[in-house]
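One-letter residues, chain by chain:
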Amino acid sequence: MSDPYQNNYYHQGGGHDGYGYQVDYPAQEEDAASDVTEGHDEEDQMYEGEYQGIPHPDEQKAAQRALQELSEQYEDIMEDCGHGKFQWTLFMVLGLALMADGVECFVVAFVLPSAEKDLCLSNAEKGMLGLVVFLSMMVGAFLWGGLADKLGRRKCLIVALAINCVFAFLSSFAQGYGFFLFFRLLSGIGIGGTVPIVYTYFSEFLQKDKRGEHLSWLCMFWMMGGIYASFTAWGIIPRYGWGFSMGTEFQFHSWRVFVLVAALPAIASLVGLTFMPESPRFLLENAKHDEAWMILKQVHDTNWRAKGQPEKVFTVTHIKAPKTAEDEFIEIQAATGTPVQRWAVRSLTLCKLVLKNVASLVSAELRYATLFMAIIWFCMAFSYYGLSVWFPDMIKHLQYEEYDSKVKVFHKERVENFHFNFSLENQVHKEGEYIRDKFINIELISVKFEDSLFEDCRFEDIRSTDTTFENCTIRSTVFYNTDLWEERFIDCKMENTTFELNKRGCHLDALEENDVLIYLVSFLGSLAVLPGNIISALFMDKIGRVRIIGGSMLISAGCTFLLFLSFTQSAIIALQCLFYGVSVAAWNGIEVVTVELYPSSKRATAFGVLNALCKLAAVLGSSIFASFVGITKAIPILLSFAALVGGGLVALRLPDTREKVLL
């Protein structure tokens, strides 16, 4: 049997107070043998399952001991390196990546009011565009999380952010719905990898007593992403003059400028990552001792030099880590065949290793942790994202009810030889007669004509929104340069009616089409997260992750019942801020525990799988909750309450990981 461990790095000159790990075995003569094995050949000693590739139980125990020893030694090394300039620099770089993920969740929602006109979107297409954001991020989380455990945290994060930046840029120039949807899909797949990789990457540069607090501080960047998206959308999208056009085929309106600006955090993080090293813990797991030692020395020297102690020497002399059979398999296969064959073998092997890692999450050692975390992630995401959609939809519904209550109804009016040179808004005209009237250069906003007669009339330079003609008779009437299309005339009878130079396609006009309240609600909701973030960060290591998760989810469940008392827009906004402020503490605790429950070789994979489940729950929650807007409040409130209570009770069964060394 071959030794499953590799000792290929030893640094001479280290002091006796270093963290060297070395085992001395008693000397033994070359021909010495025990009485038990005397008279037996080596072949007779072959483990029964060895020909099947099954590790010997002693090898498994040895591997577990080596992993535990590596974990403890690594913790000692990180304590010796200290927490300082290096971690804070990495904190900012990874924070920008997390901020980019937060921005991605808001981009489509903010641009839809403008994009639906610019791209002529139907309701089904708008729904698909909103859905594809979470579905693509779900795929990205699963894909990049699995790859990060095999290819490296830094490498995968760079590729994921690069994909996001490239396709976000292309989506801003896409003139058709199909291309825009495709580019946003690929952009989402890229950004979906940030959350699982960022937390895994950063945790492996933190010592035990700093882990909970600083991972919680990192969560604040997601909130900053929401604030950044709301603020920039508010400042850019309503400014229609910020765009340009090249004929009628290429339009670049202000919402496209916002799409470009929204990609800036990802670009900044991508640039910063080029100066950051790979996780040394990942390198040690893959038997790259020399590289890991150099990076750890860099962390040590950077921190102590910034603290004014450049003379402090990095005393680590020896790091021992396992080299797995999986690594050897890739090396063997990569050395044979043509370049295309080697690439195919490597890719196939990589897929197998990733899927094997995913399957190991339900092994005997991890199945309960995975089950509990899956329930908690799903329940939290289902309630949080469901209510995140329900809050603004309810505000819009209340606005619509208020607007609808002010509608003006005109019954059996007769207007002859009149020139309408003023806009009509929020009106219903029933059984009216309009003879030789002119509607010139006006807007029709939320206007409905029912069972009316238009004779010898002229509609010219008309811009309309939510305007229809139902069961009307239209005789000898001219529609010139209007946007009134066939679908606006429902069961109408046309007699000698002509349409000339009708506006083709969907166009933005100079009026503000975006309700400022959309941005304000998102801005306040993101800002409300700040107090909960600060409190959870300060008490994460004092109270414990389990109590923070369970307590926050149960308190959030209580907040949902207050929604029964919300009858105004201001009340819903206030309760939204309260819910976000409390629930963020649970999110912080969930992300910290997810990092700590899984070993380094499976950490990013587990985080990716659970984050993908989170996005699936978000799709289900937002779809279900939105379907009840305007129908009943009881079902969304009870669903969110049940999910939060169930997830909170399960969270209280989790082990306390505050003092746990990262395996």
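The structure this text deals with has already been given above.
The paragraphs below set out a description of the structure included in this document. (Residues numbered from 1 in each chain as written. Predicted model: local features only at pLDDT ≥ 70, side-chain atom pairs only at ≥ 80, totals over all residues. Heavy atoms only, no water.)

**A few points about unusual backbone geometry**
Turning to step 1, where the next piece is worked out: Even without a glycine there, the phi angle at R436 is positive, about 50°.
Turning to step 2, where the next piece is worked out: Considering the arrangement of structural elements, one finds R436 in the loop between β9 (433-435) and β10 (438-440).
Turning to step 3, where the next piece is worked out: For R436, a relative accessible area of 41% gives the class partly exposed.
Turning to step 4, where the next piece is worked out: Its identity is not glycine, yet D466 carries a phi of approximately 55°, on the positive side. (Helix = DSSP H or I, 4+ residues; strand = E, 2+ residues; numbered from the N terminus. Buried < 20%, exposed > 50% of the residue type's maximum accessible area, 1.4 Å probe, protein only.)

**Some words on the sheet that holds strand β18 (residues 493-495)**
Turning to step 1, where the next piece is worked out: On the basis of which strands lie adjacent, the open sheet formed by 5 strands has the order β6-β9-β12-β15-β18 and parallel pairing. Edge positions in the open sheet fall to β6 (414-416) and β18, since each of these has one partner strand only. Here the strands of the sheet are splayed against their neighbours by 5° on average, with no regard to which way each runs.
Turning to step 2, where the next piece is worked out: Note: β6 against β9, 3 bridges, orientation parallel. Counterpart to R414 in the pairing with β9 is E433. (Pairing = 2+ DSSP bridges. Axes fitted to C-alpha atoms, helices over the stretch in contact; angles between N-to-C directions.)

**Details of the packing of helix α2 (residues 85-118) against helix α11 (residues 289-306)**
Turning to step 1, where the next piece is worked out: The interhelical angle for the contact between α2 and α11, taken along N-to-C directions, is 105°, at an axis separation of 7 Å. Between α2 and α11, the angle falls in the class roughly perpendicular. Along the contact surface, α2 presents K85, F86 and Q87, while α11 presents Q298, V299, T302, N303 and A306.
Turning to step 2, where the next piece is worked out: For the contact of α2 with α11, the per-class residue count stands at 3 nonpolar, 4 polar and 1 charged. (Parallel < 35°, antiparallel > 145°, perpendicular 65-115°, else oblique. Contact = heavy atoms within 4.5 Å. Nonpolar A, V, L, I, M, F, W, Y, C, P; charged D, E, K, R; others polar.)

**Thoughts on the pairing of strand β8 (residues 424-430)**
Turning to step 1, where the next piece is worked out: Burial analysis of β8 places 5 of its 7 residues in the buried class, which makes it a mostly covered element.
Turning to step 2, where the next piece is worked out: By the bridge criterion, 4 bridges tie strand β5 (residues 408-411) to β8 in an arrangement that is parallel. Looking at the pairing, V409 lines up with V428 of β8.
Turning to step 3, where the next piece is worked out: For β8 and strand β11 (residues 443-450), the ladder comprises 6 bridges, and the chain directions are parallel.

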